[in-house]
Amino acid sequence: SKPLLTSKWDNKIQIISGRDKLFAYKLNAKSLFVNIASSCCHTFLIGQHSLYGANFVATSNFFPIFHDVDDGAIVPTSRWFINQWDADRLENCDKLVGIWVNEEEGTIAGEEGFEDIFKVEMEHASKETPKDAQGETFDEVLDAIGRDQIKVVPDETITTNK
């Protein structure tokens, strides 16, 4: 597998069917990013990082191929958390600017040019979801499927506080 590219969407989600087949997980207990996936095939569907300020959610663009929707861009601009992947696993990925969190310092770090890309991403994160947007927020979906039952990969369940 390879790192996900993501598209960012307003924080309003419409679940047409299968709500009972959703579960929430984190890649590690300290992660600030919560993912929601399907329990039948474990497909990542949506995720939210606390830095998003509840203004948007992210989804993978490997199924189908979505493109970054920021300002009508038609190509991805960055790849997050490449520092957690072996170089040989990134070899066949399109070259994009890498961005990651420096866990020791609690800061954002990255390859050359990441600052400009991150600035644009944070500008989008600060935009509120339109008041007339249809659906539920990520937090509402998380509450409905069990906020207190977020799984930590590979198979540990943790309890979180709202």
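Note that the structure is a prediction, hence the values are computed from the model and not measured.

J.: Help me understand the environment of Phe-44, please; the structure alone is not making it clear to me.
T.: With respect to the element layout, Phe-44 can be found in strand β4 (residues 44-49). The exposure class assigned to Phe-44 is buried, which follows from its relative accessible area of 9%. As for Phe-44 and Leu-22, which are separated by 22 residues in sequence, their C-alpha atoms are 9.9 Å apart.

J.: Looking at this model, I keep getting lost on the pairing of strand β2 (residues 22-26). Mind explaining?
T.: Residues in a regular strand point their side chains to alternate faces of the sheet. Burial analysis of β2 places 5 of its 5 residues in the buried class, the great majority of the element. On β2, burial covers both faces: Leu-22, Ala-24 and Lys-26 on one face and Phe-23 and Tyr-25 on the other are all buried. One ladder, built from 4 bridges, connects β2 with strand β3 (residues 33-38); its direction is antiparallel. In the strand pairing of β3, Tyr-25 is matched with Asn-35. Turn length for the β2-β3 hairpin, with the two strands adjacent in sequence and antiparallel, is 6 residues. Pairing between β2 and strand β9 (residues 150-152): 2 bridges, direction parallel. Bridge pairing links Lys-26 to Val-152 in β9.

J.: Would you mind going over the nonpolar core with me for this structure?
T.: Soluble globular proteins tend to bury their nonpolar side chains together. Counting 12 residues, the largest nonpolar core consists of Ile-13, Leu-22, Ala-24, Val-34, Ile-36, Ile-46, Val-57, Phe-138, Val-141, Leu-142, Ile-145 and Ile-150. When contributions to this core are tallied by element, the ones reaching two or more residues are β2, β3 and α3 (138-145). Of the residues forming this core, the biggest block, 4 residues, is contributed by α3. Of all hydrophobic cores here, the second largest spans 6 residues; its members include Tyr-25, Phe-33, Ala-37 and Phe-44.

J.: Where do I start with α3 in this structure?
T.: Spacing of three or four residues puts side chains on the same side of an α-helix, whose turn is 3.6 residues. Among the residues of α3, Phe-138, Val-141, Leu-142 and Ile-145 are the ones counted as buried. Viewed end-on, α3 has its buried residues packed into an arc of 100°, placing them on one side of the element. Directly beyond the C-terminal end of α3, a positive phi value near 115° is found at Gly-146.

Analysis parameters
Residues numbered from 1 in each chain as written. Predicted model: local features only at pLDDT ≥ 70, side-chain atom pairs only at ≥ 80, totals over all residues. Heavy atoms only, no water. Helix = DSSP H or I, 4+ residues; strand = E, 2+ residues; numbered from the N terminus. Buried < 20%, exposed > 50% of the residue type's maximum accessible area, 1.4 Å probe, protein only. Pairing = 2+ DSSP bridges. Core = buried A, V, L, I, M, F, W, Y, C linked by side-chain atoms within 4.5 Å. Arc of directions from axis to C-beta.

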